[in-house]
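Observations on the three-dimensional arrangement
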Amino acid sequence: MPTFKITMTPQGGDEPQVRLFNARNMRSMEFIAPHLYSDCTIIQIEEEPDIFDKQVISATLACGRTVHLLGFRFHLTYSNLIEGEPDKYWNESILSELEQKYRENYMPTHIRRPSEDSIQYGLPVFYGEAEWACYRGMSAAEKSSELRVIWFMDSIDPGLTVMAMLLQSLEGLDWEKYAQRYDPGDL
């Protein structure tokens with residue numbers, strides 16, 4: 001049920017007061033407020049944004065689904081390489097470690113594997129890890145879904161915004177195939 005912020009002035013008072021109230025819709029709130037606060041002059045009634053509207057970073061997928069960022073990290077791909085040059089064996093072991101790290105995690109993980117040439121000769125310098133959630137059901141019976149995406153980047157261009165980098169994780173992503181559905185009420 002939406003929350004409304006009511007700004008009003010008590011009779012004989014000059015300091016505005018604010019009250020929060022839940023109502024079915026704006027029309028109901030506009031009808032109810034003067035009766036609830038009959039000793040006040042209503043200045044303004046505004047609908048407060050819900051938690052989903054307050055998300056800092058959101059994106060719309062090609063399928064039309066809106067996803068919200070839960071968290072992100074960027075890593076150096078070869079941060080554990082002490083000396084020598086990476087080869088196919090080393091590169092495959094990095095990918096295996098990533099798969100193993102998230103295999104039994106609470107959130108499903110999709111690793112966007114780099115090209116075979118990259119695996120053979122040298123992985124991209126960076127990889128990103130972004131956790132996304134969709135708060136709208138994938139079907140009428142399901143309420144939410146989530147997915148961690150790991151993707152590789154050849155460089156981090158100083159002119160590239162964080163949002164642009166995060167959107168790379170979603171390019172061509174099949175949310176229905178990789179995301180896990182859950183009911184927040186079960187948490």
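Whatever comes next refers back to the structure up there.
The sections below set out a description of the structure shown in this document. The structure presented is a predicted model; accordingly, all values stated were derived computationally and were not measured.

What counts as what
- Residues numbered from 1 in each chain as written.
- Predicted model: local features only at pLDDT ≥ 70, side-chain atom pairs only at ≥ 80, totals over all residues.
- Heavy atoms only, no water.
- Phe/Tyr/Trp six-rings, centres within 6.5 Å; stacked < 30°, edge-to-face > 60°.
- Helix = DSSP H or I, 4+ residues; strand = E, 2+ residues; numbered from the N terminus.
- Buried < 20%, exposed > 50% of the residue type's maximum accessible area, 1.4 Å probe, protein only.
- Core = buried A, V, L, I, M, F, W, Y, C linked by side-chain atoms within 4.5 Å.
- Contact = heavy atoms within 4.5 Å.
- Salt bridge = Lys/Arg side-chain N within 4 Å of Asp/Glu carboxyl O.

Here's the deal with the packing of aromatic side chains
By the definition in use, this model includes three aromatic pairs. Measuring from centroid to centroid gives 5.8 Å for Tyr127 and Phe152, while their planes differ by 45°, and the two rings are tilted. Of the two residues, Tyr127 is situated in strand β7 (residues 126–134) and Phe152 in strand β8 (residues 144–153); the sequence distance between them amounts to 25 residues. Summarising the burial analysis for this pair, Tyr127 and Phe152 share the class buried. Joined through ring pairs, the aromatic side chains of Phe72, Phe74 and Trp151 make up one cluster.

Here's the deal with the nonpolar core
Taken as a class, soluble globular proteins show a tendency for nonpolar side chains to be buried jointly. Counting 18 residues, the largest nonpolar core has Val67, Trp132, Leu166, Leu170 and Trp175 as its most contacted members. Elements that contribute at least two residues to this core include exactly β5 (66–76), β7, β8 and α4 (162–168). Counting residues per element, this core draws most heavily on β8, which supplies four residues. Apart from the residues lying within four places of it in its own chain, the contact partners of Leu166 are Ile57, Leu69, Phe72, Phe74, Ala130, Trp132 and Trp151. Of all hydrophobic cores here, the second largest spans 11 residues; its members include Tyr78, Tyr102, Leu123 and Phe152.

Some thoughts on the pattern of salt bridges
Counting across every chain of the model gives eight salt bridges. One salt bridge connects Glu46 with Lys5, and the closest N-O pair in it is separated by 3.6 Å. With Glu46 in strand β3 (residues 40–47) and Lys5 in strand β1 (residues 3–10), this residue pair connects regions lying 41 residues apart in the sequence. Relative accessible area serves as the criterion here: at 29%, Glu46 is assigned to the partly exposed category. Overall, the relative accessible area of 25% leaves Lys5 in the partly exposed class. A salt bridge links Arg73 to Glu129, with the shortest nitrogen-to-oxygen separation between them at 2.8 Å. Of this pair, Arg73 sits in strand β5 while Glu129 is found in strand β7, placing the two residues 56 residues apart along the sequence.

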